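# Structural overview
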Amino acid sequence: MSETVDIRRAEITTSWRTAKLTPDLSIDDICERLGFVPNGGVDHNKVTVCWEFTVNGSQCAVWDYKGVRWSAFGPGRIWS
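Residues numbered from 1 in each chain as written. Predicted model: local features only at pLDDT ≥ 70, side-chain atom pairs only at ≥ 80, totals over all residues. Heavy atoms only, no water.

### Here we look at the confidence of the model for the protein
For the protein, mean pLDDT is 79; residues scoring 70 or higher make up 76% of the total. Within the protein, no element has a lower average pLDDT than helix α2 (residues 76–79), which sits at 71, and none a higher one than helix α1 (residues 27–34), at 94. Predicted confidence for residues 9–16 stays below pLDDT 50, and this span has 15 contacts to residues more than four positions away or in other chains. (pLDDT = per-residue confidence, 0-100. Helix = DSSP H or I, 4+ residues; strand = E, 2+ residues; numbered from the N terminus. Contact = heavy atoms within 4.5 Å.)

### Focus: the side chain of Asp64
Structurally, the position occupied by Asp64 is in strand β3 (residues 58–65). Looking at Asp64, its side chain comes within polar contact range of the main-chain nitrogen of Gly67, at 3.4 Å. In this structure the side chain of Asp64 is engaged in a polar contact, spanning 3.1 Å, whose partner is the backbone nitrogen of Val68. In this structure Asp64 touches Lys46, Val47, Thr48, Val49, Arg69 and Trp70, once residues within four positions along its chain are discounted. (Polar contact = N/O pair within 3.5 Å; in protein donor to acceptor, adjacent residues only side chain to side chain.)

### Focus on the pairing of strand β2 (residues 47–55)
Examined bridge by bridge, β2 and β3 share eight bridges and lie antiparallel to one another. Among the inter-strand pairings, Cys50 is bridged to a residue of β3, identified as Trp63. In sequence, β2 turns back onto β3 through a hairpin of two residues, with Asn56 there showing a positive phi of about 50 degrees. (Pairing = 2+ DSSP bridges.)

### What about the environment of Tyr65?
Looking at the secondary structure, you find Tyr65 in strand β3. Taking C-alpha positions, Tyr65 is 4.5 Å from Val47, a pair spaced 18 residues apart along the chain. Leave out the neighbours within four places in its chain, and Tyr65 touches Lys46 and Val47.

Pasting the structure below:
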């Protein structure tokens, strides 16, 4: 039986279009939840891993910036 990975918005958000996900999520957790491996551009001095995708036509992304773990971009409704 596979375990469900719950990606939720953390308590701190910077705007309605960005969010911080819980830092204890692993790359494998995010891959399982999104259904694909990281596919975004990576700048090894800044962004170490990134997923880019669309939800109902809206651009979204999840990334790790300098090991801070995990920033997200997209409409607020998809992170709740």
